[in-house]
Amino acid sequence: MKLDTAFFDKLSRLRLTMGQRISMNLTGNRKSMQKGTSMEFSDFREYMTGDDIRRIDWNAYGRLDRLYVKEYMEEKEAIVSILLDTSASMDYGANKKGECACVLAAALAYLGLNNMDRVMLYDMKKMQQPFVAGGGKKALPRLVDWLEQRSFDGTADISEAVRQLPAKGTGVTVIISDFFQESFLEDDAEATASAVTKLLRFLAYRRQKSVLLHVLAGEELSVDLTGTKNLIDMEEESTLRLTIDAASIRVYEKALGQFLGQLERACAKNGAFYALCSTQKDIYQLIFQDLRMLYDI
């Protein structure tokens, strides 16, 4: 991954938006529903025996002749879970989908670390061995090293990987994949929508804000092949001999449009964030423009 200092400097001005209050037991920079010791004022309540007298509002006492204490929002650490599809289909394209996925994962992980969140990176083929990072930006070199060691081969089951996520409270779950999985590629549009909806509803039940980053190669989004070709399934290693002409390209483009539309609509209906990430796009445009709705500026 070729990410320079200027890239991370620009990222450091942003942070992931949670979309809801955090309620956990770790110290960080997220505002919790619990009352604590941060400097952000929350509310007043009447003084009770045992309260810290330093929190008494003496101005209110002078006006009302009753003791009130100030309460503040407690700052908590959020969990940012990033699931990386490392199946063989991600090892495709002049600009590899897997490389783009790793850059996206590094960028979003950095946003979490910069905000003192707990970041958990998962290889979908090895869900029981997550990379756990906390303590701020100093964890970035180890995180990048972990990403560079990923191998894109075999198969990965996205739905099963999500079900294996540990329940760790409210947070953000990011899925980075090409979503080339049978359950998401049904000819029946309703079946595809149902598979995506089940995935998102499970994450919502787990109190997760869902983010789906759909990584596709430029060659998959704009086909320029012609003639008779042997197409090889990278995961099952089966071969299909196909004559590609203008008519077959139109059929493919229609099916692709339906596939993308089904994913996007399912996310919109279930309150999830969806973004199509082409490997041919400049990484700065992807991170700072296409994904801008993910950030609290």
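As a reminder, the structure under discussion sits directly above these lines.
Quick caveat: nothing in here was measured; it's all calculated off a predicted structure. (Residues numbered from 1 in each chain as written. Predicted model: local features only at pLDDT ≥ 70, side-chain atom pairs only at ≥ 80, totals over all residues. Heavy atoms only, no water.)

Give a detailed account of the overall build of the protein chain, specifying residues and quantitative values.
The secondary structure content of the protein chain amounts to nine helices and twelve strands. Every one of the 297 residues in the protein chain was classed for burial, and the buried ones make up 46%. In the protein chain, of all internal contacts separated by at least 6 residues, the share reaching a separation of at least 24 is 74%. When the accessible surface of the protein chain is summed, it comes to about 15700 Å², and 48% of that surface belongs to carbon and sulfur atoms. (Helix = DSSP H or I, 4+ residues; strand = E, 2+ residues; numbered from the N terminus. Buried < 20%, exposed > 50% of the residue type's maximum accessible area, 1.4 Å probe, protein only. Contact = heavy atoms within 4.5 Å. Areas by Shrake-Rupley, 256 points an atom, 1.4 Å probe, with all protein chains shown as cover.)

Talk me through the pairing of strand β11 (residues 273–278); I want residue IDs and the actual numbers.
The buried fraction of β11 is high, at five of six residues. In terms of strand pairing, strand β8 (residues 208–216) meets β11 through six bridges, oriented parallel. Bridging across to β11, Leu-213 finds its partner in Ala-275. (Pairing = 2+ DSSP bridges.)

Just give me the short version of the packing of helix α6 (residues 189–205) against helix α8 (residues 246–269), but keep the residues and values in it.
One way to put it is that α6 packs onto α8 with a least axis distance of 9 Å and a crossing angle of 40 degrees. Accordingly, the angle class assigned to the pair α6 and α8 is oblique. The element α6 and its partner α8 pack so that their crossing is right-handed. In this structure, α6 uses Ala-189, Thr-192, Ala-193, Val-196, Thr-197 and Leu-200 to contact α8, whose residues at the interface are Gln-262, Leu-263, Ala-266 and Cys-267. Taken together, the residues of the contact of α6 with α8 break down into seven nonpolar, three polar and no charged. (Axes fitted to C-alpha atoms, helices over the stretch in contact; angles between N-to-C directions. Parallel < 35°, antiparallel > 145°, perpendicular 65-115°, else oblique. Left-handed = near helix turned anticlockwise from the far one by under 90°. Nonpolar A, V, L, I, M, F, W, Y, C, P; charged D, E, K, R; others polar.)

Tell me about the sheet that holds strand β7 (residues 171–177), residues and numbers included.
Read across the sheet, six strands follow the order β6-β5-β4-β7-β8-β11 without closing on themselves; strand pairing throughout is mixed. Because the sheet does not close on itself, it has two edges, and the strands there are β6 (131–133) and β11. Across the sheet, the mean angle from the axis of one strand to that of its neighbour is 15 degrees, orientation sign disregarded. Alignment of strand β4 (residues 79–84) against β7, held across six bridges, turns out to be parallel.

With reference to specific residues and values, describe the packing of helix α3 (residues 97–114) against helix α4 (residues 140–148).
Running from N to C, α3 and α4 cross one another at 160 degrees; their axes reach a closest spacing of 10 Å. Between α3 and α4, the crossing angle belongs to the class labelled roughly antiparallel. Note that α3 runs across α4; the crossing there is right-handed. Residues Cys-102, Ala-105, Ala-106, Ala-109, Tyr-110 and Leu-113 of α3 touch α4, and the partners they reach there are Leu-140, Leu-143 and Leu-147. For the contact of α3 with α4, the per-class residue count stands at nine nonpolar, no polar and no charged.

Please provide a residue-by-residue account of the environment of Gly-134, values included.
By secondary structure assignment, the location of Gly-134 is in the loop between β6 and α4. Expressed as a C-alpha distance, the spacing of Gly-134 and Leu-113, which sit 21 residues apart in the sequence, is 6.3 Å. Non-local contacts of Gly-134, meaning those with residues more than four positions away in its chain, are made with Leu-113, Asp-117, Arg-118 and Ala-139.

Explain the packing of aromatic side chains to me, using residue names and the numbers behind them.
Tallied over the entire structure, the rule returns eight aromatic pairs. Measuring from centroid to centroid gives 5.6 Å for Tyr-284 and Phe-288, while their planes differ by 35 degrees, and the two rings are tilted. Highlighted residues: Tyr-284 and Phe-288, both in helix α9 (residues 283–290), separated by four residues, approximately one helical turn. Three or more aromatic residues joined by ring pairs make a cluster, and in this case those are Phe-7, Phe-8, Tyr-110, Tyr-284 and Phe-288. The cationic tip of Lys-10 hangs over the ring face of Phe-288; the distance from NZ or CZ to the ring centre is 4.5 Å. Its end group placed over the ring of Trp-146, Arg-150 keeps NZ or CZ at 3.9 Å from the ring centre. (Phe/Tyr/Trp six-rings, centres within 6.5 Å; stacked < 30°, edge-to-face > 60°. Lys NZ or Arg CZ within 6 Å of the ring centre and 35° of its normal.)

An account of the pattern of salt bridges is requested, with residue identities and associated values reported.
Counted by the stated rule, this structure contains seven salt bridges. Measuring nitrogen to oxygen at the nearest pair gives 2.8 Å for the salt bridge that ties Glu-220 to Lys-97. Of the two residues, Glu-220 sits in helix α7 (residues 218–221) while Lys-97 sits in helix α3, which places them 123 residues apart along the sequence. Classification of Lys-97 by relative accessible area gives buried; the value is 0%. In this structure, Asp-290 engages Lys-281 in a salt bridge whose closest nitrogen and oxygen atoms are separated by 2.7 Å. By relative accessible area, which is 23% here, Asp-290 ends up partly exposed. Under the relative-accessibility criterion, Lys-281 is labelled partly exposed at 35%. In the salt-bridge network here, residues are joined through shared partners; they are Lys-97, Asp-178 and Glu-220. (Salt bridge = Lys/Arg side-chain N within 4 Å of Asp/Glu carboxyl O.)

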